[in-house]
Amino acid sequence: MNAATSIKRAMALCRTPVALFTSYSAVTGCLLAPHGSFRIDLAVFSAVFILACGASAFNQYQERDIDARMERTRHRPLPTRAVSPFLALFCALALIFSGLAMLALAGGKGPAFLGMMAVLWYNGVYTYLKRITAFAAVPGAVVGMIPPAIGWTAAGGGLADPRLFIVCFLFFLWQVPHFWLQLLHHGEEYEKAGLPSLTKALTRRQLTRVTFAWMCSTATAGLLLPLYGGLTSAILSFSLIPAAAWIMITGIKLTASQRTSAFLFTAFRQLNAYIVFVMALLTAQGLFNSLP
C-alpha cells in the first residue's frame, strides 16, 4: 500500500471535511470571545480537528454494519475492509484522547470537559438514538452547539453570555434540516439498512414542510445575531438579510412540488453554504474586534 492510499483511507475514516468544518466553528467561538489570540485559535483548531476526526472514526466503527448496507456509505474503509475494525477503534481512541489532552492544555478543564461531552453525546447518545427513533436528529443537533462553546471558553468567555447563546442556537437549528435534507435524498437507504426513518412516519410532502419550517427557523436565528451582540457591524448585519431570504426561497421551492434528487442535493449544499457564510461574517466580526 502506498502513502497516498493510506492518507486517502485515513481521511475517509476520519471524514476530514466534517472535522475541518467542526474545528472552524470552534475557532469562530474563539474569535468572538473577549480574550482570543492567534495562539489560542491555532491550538483550539488543531485540538478540535483531532477530536472530531476521532469521533468520526469511532462512529464508523460503531456503525460499520449499517454502513455496509447503505449505498451512500458502503464504500467507506470499514465496509470495504480496507481498514480493520481493531485498527479503526485504536486510531479513534488515540485521536479522541489526544484531542482532549490538547484542549486541556490549550484552554483548561472547561474546554476539555465540553469536548468530552461532545464525544459522549455524539458517539453515545446520538449514535444509539439513530437505531431506535426517527427523530434522533433533533437531540443529535446538540452536538453542533458544542464546538463554538469550546472555542469561546478557551478564549476566556463565559457560558452564560448571550452572544454565545445565539451562535450555539443557530448551529443547533441548522443541523436538523441539514440531516433531513439528506433523509429526503437517501430515505430509502436508511429504511433498507434497518434504521427508523421519518420517510416511514411522514409522507414526503409532510417531511418537506417540516424541513422548510426548520430552514426558516435557521434563517431567522441568523437574523437575530445582531440583536444578541453576535454581530455589531452594520454592513455585516445587513448581509444576513439576503442570505436568509435565499434560504427561505429554497425552502419554499422545496415544498412547491415533488423535487428531484438533484434539487435536494442543491438545497443541501445551499443550506451548508449559508452556515459557512454566517461563520465567515462572525469571523470578520471577530477580526474587526481584535483591531487596535
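So, a few notes on the structure that sits alongside this text. (Residues numbered from 1 in each chain as written. Predicted model: local features only at pLDDT ≥ 70, side-chain atom pairs only at ≥ 80, totals over all residues. Heavy atoms only, no water.)

## So, the packing of aromatic side chains
Item 1. Within this structure, the stated rule accounts for 8 aromatic pairs.
Item 2. Ring centres 6.4 Å apart and planes at 55° place the aromatic pair F21 and F171 in the tilted group. Within this pair, whereas F21 is found in helix α2 (residues 16-32), its partner F171 is found in helix α9 (residues 162-192), the two being separated by 150 residues in sequence.
Item 3. Plain terms: the ring middles of F165 and F169 are 5.9 Å apart, the flat faces sit at 5° to each other, and that makes the pair stacked. Taken together, the residues span about one helical turn, with F165 and F169 both in helix α9 at a distance of 4 residues.
Item 4. Within the aromatic cluster, the residues linked to one another by ring pairs are F21, F171 and W174. (Phe/Tyr/Trp six-rings, centres within 6.5 Å; stacked < 30°, edge-to-face > 60°. Helix = DSSP H or I, 4+ residues; strand = E, 2+ residues; numbered from the N terminus.)

## Digging into the nonpolar core
Item 1. Counting residues in each nonpolar core, the largest one holds 84 residues, and the members touching the most others are W180 and L225.
Item 2. If we ignore the near neighbours within four places in the chain, the residues touching L225 are I166, V167, L170, G230, L231, L240, V278 and L282. (Core = buried A, V, L, I, M, F, W, Y, C linked by side-chain atoms within 4.5 Å. Buried < 20%, exposed > 50% of the residue type's maximum accessible area, 1.4 Å probe, protein only. Contact = heavy atoms within 4.5 Å.)

## Examining helix α6 (residues 109-129)
Item 1. If you check α6, its first and last C-alpha atoms are 28 Å apart, about what 21 residues at 1.5 Å a residue would give, namely 30 Å.
Item 2. Residues of α6 that are buried: P111, A112, L114, G115, A118, V119, Y122, N123, Y126, T127 and L129. (Expected span 1.5 Å × (residues − 1).)

## Remarks on the packing of helix α1 (residues 3-14) against helix α3 (residues 38-62)
Item 1. Direction vectors running N to C along α1 and α3 enclose 85°, while the axes themselves pass 7 Å from each other. Relative to α3, α1 is oriented roughly perpendicular. Each of A12, L13 and C14 in α1 lies in contact with α3, whose residues at this interface are A52, C53, S56, A57 and Q60.
Item 2. Here the residues of the contact of α1 with α3 sort into 6 nonpolar, 2 polar and no charged. (Axes fitted to C-alpha atoms, helices over the stretch in contact; angles between N-to-C directions. Parallel < 35°, antiparallel > 145°, perpendicular 65-115°, else oblique. Nonpolar A, V, L, I, M, F, W, Y, C, P; charged D, E, K, R; others polar.)

## Concerning the pattern of salt bridges
Between side chains of opposite charge, a pair can form as their charged atoms come close.
Item 1. Under the criterion given, the structure shown has 5 salt bridges.
Item 2. E71 is paired through a salt bridge with R74; the nearest N and O atoms lie 2.7 Å apart.
Item 3. For E71, a relative accessible area of 46% translates into the label partly exposed.
Item 4. R74 gets classed as partly exposed once you look at its relative accessible area, which sits at 37%. (Salt bridge = Lys/Arg side-chain N within 4 Å of Asp/Glu carboxyl O.)

## What about the side chain of R76?
Item 1. When you line up the elements, R76 lands in the loop between α4 (64-67) and α5 (85-107).
Item 2. With relative accessibility at 17%, the residue R76 sits in the buried group.
Item 3. Every residue in contact with R76, bar those within four places of it in the chain, is listed here: R15, Q60 and D67.

## Some thoughts on unusual backbone geometry
Item 1. Positive phi values are uncommon outside glycine, yet R15 reaches one of about 45°.
Item 2. For R15, the location among the structural elements is in the loop between α1 and α2.
Item 3. Its identity as a non-glycine residue notwithstanding, R81 has a phi of 65°, on the positive side.
Item 4. Within the element layout of this structure, R81 appears in the loop between α4 and α5.

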